[in-house]
Structure formats: C-alpha cells, structure tokens
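Residue-level structure breakdown
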Amino acid sequence: DEPDDYRARVEAADLPEKVREAALKEVDKLERSSDQSPEGSWIRTWLDTVLELPWNERTEDAYDIQGAKAVLDADHAGLEDVKERITEYLAVRKRRADRGLGIVGGRRGGAVLALVGPPGVGKTSLGESVARAMGRKFVRVALGGVRDEAEIRGHRRTYVGALPGRVVRAIKEAGSMNPVVLLDEIDKVGSDFRGDPAAALLEVLDPAQNHTFRDHYLEVELDLSDVVFLATANVLEAIPEALLDRMELVRLDGYTEDEKVTIARDHLLPRQLERAGLEPGEVTVADEALRKLAGEYTREAGVRTLERSIARLLRKVAAQHELGERELPFTVDVAELRPLIGRPHHTPESAQDPAERRTAVPGVATGLAVTGAGGDVLFVEASLADPETGGAGLNLTGQLGDVMKESARIALSFLRSHGAELELPVGDLKERGVHLHVPAGAVPKDGPSAGVTMTTALASLLSGRQVRPDVAMTGEVSLTGRVLPIGGVKQKLLAAHRAGVTTVIIPKRNEPDLDDVPAEVLDKLDVHPVSDVRRVLELAL
Ligand code: ATP
Ligand code: MG
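Values in this document were obtained by computation on a predicted structure and should not be read as measured data.

1. Overview of the overall build of the protein chain
If you tally the helices and strands in the protein chain, you get 20 helices and 18 strands. Along the first, second and third principal axes, the C-alpha atoms of the protein chain reach 90 × 60 × 50 Å. The burial tally for the protein chain puts 49% of its 541 residues in the buried class. Across the protein chain, contacts joining residues at least 24 apart in sequence account for 74% of those joining residues at least 6 apart. Here the protein chain has roughly 25000 Å² of accessible surface; of this, 48% comes from carbon and sulfur atoms. If the 70 positive side-chain charges of the protein chain are averaged to one point and the 90 negative ones to another, these points end up 2 Å apart.

Here it is, written out as structure tokens:
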C-alpha cells in the first residue's frame, strides 16, 4: 500500500472527528517514515484497525417487546422465570430509550445481567437469544483463563506484536457499535502480575465510564455505552466482588427430568437431526427413550451430555441406513437404546444390589452438595483407627476446605459430648483416632453444609447401624446440635432426584426455599425439614 492510500481512506471513512484527527496524525507520521521501517508497519496495522471499526454503525433495535418475548419463548423451553426477567430488562431498556434516558448504572444498577448456573443449562444460548430478540448483532467474548489485563484493554503500541484488547475486537467482529456482547465465563477471570483483568472489565461495564473507553492499543476513545453486556458464570462465589456489584444475577439451577425430555424433543433432537443429515420425521425418538437417556445415560444439571447422546444415537442410525441395515422412517424406543448406544452408565443407588451400595457398611452417609457442575450427591465415610497402631485425633482427607474441616471437628465434638444420651459407645471416640474421608478425593470441597452428613456417618459407625440408602441430607450443625440453614436447596434437591434418592433431610429454616423446587421433583421426594441433628439421626439410622 502507498502511504497516501491511507490518507484518502481516512478522509473517505465515516469517522468521529477526534478519531479522524488522530488517524491523520498517524498518516503524517507514516508519510515521514521510510517504507521498510518497523514503525511504518505498526502505523499501518493501527490504521487498519481504526478503519475497520464500525464507528458510526448502529443496528436498529427491534423495539417490540411482544416480539422479543416470542423469540425467547421459541428458542428455549421452560426457564419461565429467566425469560420473564430478561423480558423485564428489555422492556425497561426500551421505555428509558423512548424517553431519551440512559441505562441505569451504578452499583447494583442492573445494567448487566449475569446468567449464573451449571454447565449446559443454556446460559450462552440465552445470550444469543437476547441478541436475536433485540435485533442486534451478537458477539461472545470467552474470558475463561484470561489473566492479563492487556487481554481486555490491549497492549500499548510500543509493545512488539501489540493488539487491541478483546472488547475492541468484539466491536470489530460485530460490525456495529451496539451489539450484545456476552462476557462468557466471567467467573474464570484470574489475575496475576500482569495486572487485574477484572478492574479493566469494571470500567467496560460502568455506564459512567464506558462511553469513553480507552484501549491501550487504540488510544482513541471508544463509546461502549450502547453495547448490551451480558455475563455468564458457573460459580457465583468465583466472580470478583467488584464485578458482582455491577451485575444483576439471574440464576439457572438445572432441569428436572420432565423439562429435559421437553427440551430434547423440541430443541435438541431437531437440531441434531439436521447435523446428522436426517430429515425431520425420518427418525423419531420416543419420549420414554429420551427420559431414559436423560436419567440413566447422563447425570447432569444441564442438557449438554444429553445432546451429545442424542447426536451419537442419530449418527448410528444414519450410518445403519447408509449401510442398508436400517429402513427409515424409524422410531427409537426404549428397547432400541441398548443395541444402538450400549448400556446406561448411571443406575440409581437404590436400584443397585444392596451389597453394592455405598451405604452398605456402617459409617457411610449420603450428603448433597453444590459444585461448579451443579448439585451432586456426595458420600462421607468414617472409620476408627486401630487403637494399637492408629494415632489419636482426627484425620481428614478428600481435599476439604477449612470450613468443611471445621464441620468435621464440630461433628466429632458434638458426638463426644452428646453420644451417651444418644446411646452411642462414645468411649471409642475418646480412645481411638477418627478418619473422615469425602470421595472423590481429587475434587476440592468446602462449605458447612456437610455437617449433618458427617455427624450421621460418625453416629452410624459408632452404632454399627447402616445409614438408610434412600436418604440424603444437607445442613450445617452447631456444637449444640442445631441444624442451621444452607444454600443451594433447589440444585441439591434436583441432584437428589437425579441420583434416585427418595428421602431428603434439610434444615427447617430452609423450608421456604422449597417454593423454588419444581413440583415434579417435590412430589417424588419425601422432604424432612429438621432443626436438630438428633432428629437427623432418628430419620437416617
Ligand atoms: P456452560 O456453562 O458449559 O458454558 P451453558 O449454560 O452456556 O453451559 P449452553 O451451551 O447455552 O450451556 O447450552 C447447551 C445446549 O443446550 C445448547 O445447545 C442449548 O441451546 C441447549 N439448551 C439448554 N437449555 C435449553 C432450553 N431450556 N431450551 C432449549 N435448548 C436448551
Ligand atoms: Mg456457555
């Protein structure tokens, strides 16, 4: 390219005044620099970036809230609360725009909706839906593993191989100044010696500052005030506090089996049929087969593995048809699953041979936990050390966090002081060391909600009585044996149901949370709200 090419291009481009001035200054420098100089090549790259940005491009918003709601409903089954919240957000935005008002900013201003929940519940795809509903361009910015502030805000131009940050690149990719930008996995942003990306994001998200966003590479100001920012995260606790303050949380806790069947039939199956090159109707999957796929071939809060299983199933059928082994149309019934994709991987604990169950020996109790993958059942194992060889004291394994370790100590203290009244042989606890283990050992675990499970595992060990295999529990325990409230009730109950548990013990003070649990799950569970751990032992042993 000739240097004067750039002058003509800058002059012809639709640029804001300040940007044009800055660009012309660079063209001056370019014209003075020699053709082969490295400076010349940096300037050209910079000018290319500036010329590619959609400075004055804006898409027209589809400001019809009924239409927007219809798009949200068409893209996702269920999720009524979530869709309602997004519709409210769009409605408020529209009304404020109609009155020429800016978006509400500031702390807890609700300027940014954050979709929080386990993998595969539809967070990313809801983001795309919002863009479709508003008639805007959509760009996803993957933040997982970003540790360098320059990833967000760009490198200074003096830096070798300098690039603009991801925000600028997102605007370029969108081709408009008002896209929907999904900050995906905002909980996986780290920070180290290269600065704090969260601080840069804070500026990006702050309506008071983001109309003059400065990328280190670009140097000229970029107006981000028309961008709709959404964020997604798996784990709320991992979102930097300052960012959390800017966001309004929308929680997705996971699906029931019925919801999964509906999602699979209406959304996953049609999409996977197309991927497998099959016409709609060429392969049908019976609801009962979908239910078995959801319940026994996968065990997850979301539907990602379910979608993969459907894909596998359809690939097999497509191949069989091509090999002349299968006539189409074809309906996959429950009986067809095994020959097509093999044995199920997950049988409910209760359906297992009693001798094979985890709780078949005294000292093992079933707890409920919330992890990054959603709710899950977790087992607590207790054993007593040999009085001759084993040491005294408490041995804890399974990568337990500090709070969970304290729960173990509280459980032990409670049983030492109250064991006699519960007719447990507490002498053993005084003379012999105790070992508590929470598999899977490689997954870090924390939080106080395993208190009841630890107490129950120990009491079961001392009494020699097995814990009922169909019971799972959650709750913090105090030194006096009170059962204190915990978080994540909906996720935990969904997990209990998935795992085939039929009786669940929760803290009495969590009873109001049962309102959030779908009736389909509550109907199949026998839920006992309790306020004293002695009652837990009565129910479980
Ligand atoms: P991750 O945390 O792993 O990024 P995610 O929540 O972003 O997960 P998605 O990728 O959005 O999950 O969803 C996984 C798949 O399931 C997508 O194909 C999505 O369209 C589909 N899906 C999830 N929930 C629904 C729903 N309620 N209705 C229709 N499809 C859904
Ligand atoms: Mg996602």
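That covers the picture; the talk isn't over yet.
2. Things to note about the nonpolar core
Looking at soluble globular proteins, one finds that nonpolar side chains tend to be buried together. Counting 55 residues, the largest nonpolar core has Leu183 and Ile186 as the members making the most contacts within it. Filtering out sequence-adjacent residues up to four positions away, Ile186 remains in contact with Leu143, Leu201, Ala231, Thr232, Ala233, Ile239, Pro240, Leu243 and Met247. Of all hydrophobic cores here, the second largest spans 51 residues; its members include Ala68, Tyr89, Leu269 and Ile341.

3. Points about the site of ligand 1
Taken together, 21 residues lie near ligand 1, and Gly120, Lys123, Thr124, Arg271 and Arg304 sit nearest. One nitrogen or oxygen atom from the main chain of Ala77 is found 2.8 Å from a nitrogen atom belonging to ligand 1. Between ligand 1 and Ser125 there is a distance of 2.9 Å, counted from an oxygen atom to a backbone nitrogen or oxygen. When ligand 1 sits alone it has 640 Å² of accessible area, and the protein chains cover 88% of it. According to the grid-proximity analysis, the pocket containing ligand 1 is the second largest pocket. No other element matches helix H11 (residues 257-275), which puts four residues into the shell around ligand 1.

4. What to know about the sheet that holds strand E6 (residues 228-233)
Strand order in the open sheet formed by five strands is E2-E3-E6-E1-E7, and the pairing between neighbours is parallel. Two strands close off the open sheet at either side, each with one partner strand: strand E2 (138-142) and strand E7 (247-251). Averaged over all pairs of adjacent strands, the angle between strand axes in this sheet comes to 25°, irrespective of strand direction. Note that strand E1 (residues 112-116) and E7 share five bridges and pair parallel. Counterpart to Leu115 in the pairing with E7 is Val250.

5. Brief notes about the layout of surface pockets
Quantified by volume, the second largest pocket comes out at close to 770 Å³. Taken together, 35 residues make up the lining of the second largest pocket; nearest its centre are His76, Gly122, Thr124, Ser125 and Arg271. For the lining of the second largest pocket, the secondary-structure elements that each account for two or more residues are helix H6 (123-134), E2, E6, H11 and helix H13 (304-322). Top contributing element to the lining of the second largest pocket by residue count: H6, with seven residues. Class assignment for the residues of the lining of the second largest pocket results in eleven nonpolar, ten polar and 14 charged.

6. Some details on the packing of aromatic side chains
Per the stated rule, a full pass over the model turns up zero aromatic pairs. The cationic tip of Arg326 hangs over the ring face of Phe330; the distance from NZ or CZ to the ring centre is 4.0 Å.

7. A short note on H6
Helix length check: H6 (twelve residues) gives 17 Å between terminal C-alpha atoms against 16 Å at 1.5 Å per residue, within 8%. Buried-residue contacts for H6 involve helix H4 (65-75), helix H5 (80-98), E1, E2, strand E3 (180-184) and E6. Just beyond H6, the residue with positive phi is Gly135, at close to 70°.

8. Side note on the pairing of strand E10 (residues 364-371)
Most of E10 sits out of view: six of its eight residues are buried. Strand direction decides the pairing type here: E10 and strand E11 (residues 374-384), joined by eight bridges, are antiparallel. What sits directly across from Ala365, in E11, is Val380.

9. What to know about the environment of Arg357
By the element assignment, Arg357 lies in the loop between helix H14 (334-341) and E10. The sequence separation of Arg357 and Pro469 amounts to 112 residues, and the corresponding C-alpha distance is 7.4 Å.

10. Focus on the packing of H13 against H14
H14 packs onto H13 with a crossing angle of 80° between their chain directions and a minimal axis gap of 10 Å. Judged on the interaxial angle alone, H14 and H13 are roughly perpendicular. Here H13 contributes Arg312, Leu313, Lys316, Val317 and Gln320 to the contact with H14, which in turn contributes Leu337, Leu340 and Ile341. Looking at the contact of H13 with H14, its residues break down into five nonpolar, one polar and two charged.

11. Focus on helix H8 (residues 166-174)
One turn of an α-helix holds 3.6 residues; hence residues three or four places apart share an orientation. Turning to H8, its buried residues number three or more, namely Val167, Val168, Ala170, Ile171 and Ala174. Taken around the axis of H8, the buried residues stretch over an arc of 160°, which confines them to a single face. Against E2, helix H7 (149-153), helix H9 (197-205), strand E4 (213-214) and strand E5 (221-222) lie the buried residues of H8. Once H8 finishes, Gly175 follows within two positions and takes phi at roughly 75°, a positive value.

12. Some remarks on the environment of Leu163
On the secondary structure map, Leu163 appears in the loop between H7 and H8. Residue Leu163 is classed as partly exposed on the basis of its relative accessible area, which comes to 44%. C-alpha of Leu163 to C-alpha of Ser41: the two residues are 122 residues apart in sequence and 13 Å apart in space.

Procedures and definitions
- Positions within a chain are numbered from 1, following the residues in the order the chain's sequence is written.
- Here chains are named by letter from A upward and ligands by number from 1 upward, in the order in which they appear as written.
- Only residues with pLDDT of at least 70 are given local features in this predicted model, and only at 80 or more are side-chain atom pairs given and counted; all residues enter the totals for whole chains, interfaces and linings.
- Side-chain metrics in this entry use all non-hydrogen atoms of the structure; hydrogen atoms and water are not considered.
- Where helices and strands are cited, they refer to DSSP runs of H or I of at least four residues and of E of at least two residues respectively, numbered from the N terminus.
- Per-residue accessibility, obtained with a 1.4 Å probe over protein chains only, is compared with the maximum for each type, and a residue is labelled buried under 20%, exposed over 50%, and partly exposed between these values.
- In this analysis, two residues are considered to be in contact whenever any of their non-hydrogen atoms come within 4.5 Å of each other.
- Computed by Shrake-Rupley with a 1.4 Å probe, the accessible areas treat only the displayed protein chains as cover when residues are assessed.
- Charged residues are defined narrowly, with Lys and Arg counted positive, Asp and Glu counted negative, and His plus the chain ends left uncounted.
- By convention, the charge on Lys lies at NZ, on Arg at CZ, on Asp at CG and on Glu at CD.
- By nonpolar core we mean a set of buried residues, namely Ala, Val, Leu, Ile, Met, Phe, Trp, Tyr and Cys, connected to one another through side-chain atoms within 4.5 Å.
- We call a residue near a molecule or strand whenever a single non-hydrogen atom of that residue lies within 4 Å of it.
- Side-chain atoms alone can form a polar contact between residues adjacent in sequence; in general such a contact is a pair of N or O atoms within 3.5 Å, and within protein one must be able to donate a hydrogen while the other accepts it.
- The pocket and cavity definitions rest on a 1 Å grid over protein atoms only: a 1.4 Å probe that fits but cannot leave marks a cavity, an open set with protein on both sides within 12 Å along at least five of seven lines marks a pocket, and residues lining either have an atom within 4 Å of a point.
- To decide whether a molecule occupies a pocket or cavity, check its atoms: if more than half lie within 2 Å of the grid points, it is inside.
- Strand pairing requires that DSSP identify at least two bridges connecting the strands.
- Geometry is summarised by axes, namely lines fitted to C-alpha atoms with helices restricted to the contacting stretch, and by angles between N-to-C directions that run from 0 to 180 degrees.
- Grid points are joined across faces, edges and corners, and a volume is the space filled by probe spheres set on the points.
- Only Asp, Glu, Lys and Arg are considered charged, only Ala, Val, Leu, Ile, Met, Phe, Trp, Tyr, Cys and Pro nonpolar, and every remaining residue, Gly among them, polar.
- Pairing of aromatic rings covers Phe, Tyr and Trp, the last counted by its six-membered ring, and requires centre-to-centre distances within 6.5 Å; plane angles under 30 degrees mean stacked, over 60 mean edge-to-face, and any other angle means tilted.
- As a reminder, the over-ring test applies to NZ of lysine and CZ of arginine, requiring each to be within 6 Å of the ring centre and within 35 degrees of the ring normal.
- Any helix carries an expected span of 1.5 Å times its number of residues minus one.
- If an angle is under 35 degrees, it is roughly parallel; if it is over 145, roughly antiparallel; if it lies from 65 to 115, roughly perpendicular; otherwise it is oblique.
- What the arc describes is the spread of directions from the helix axis to the C-beta atoms.

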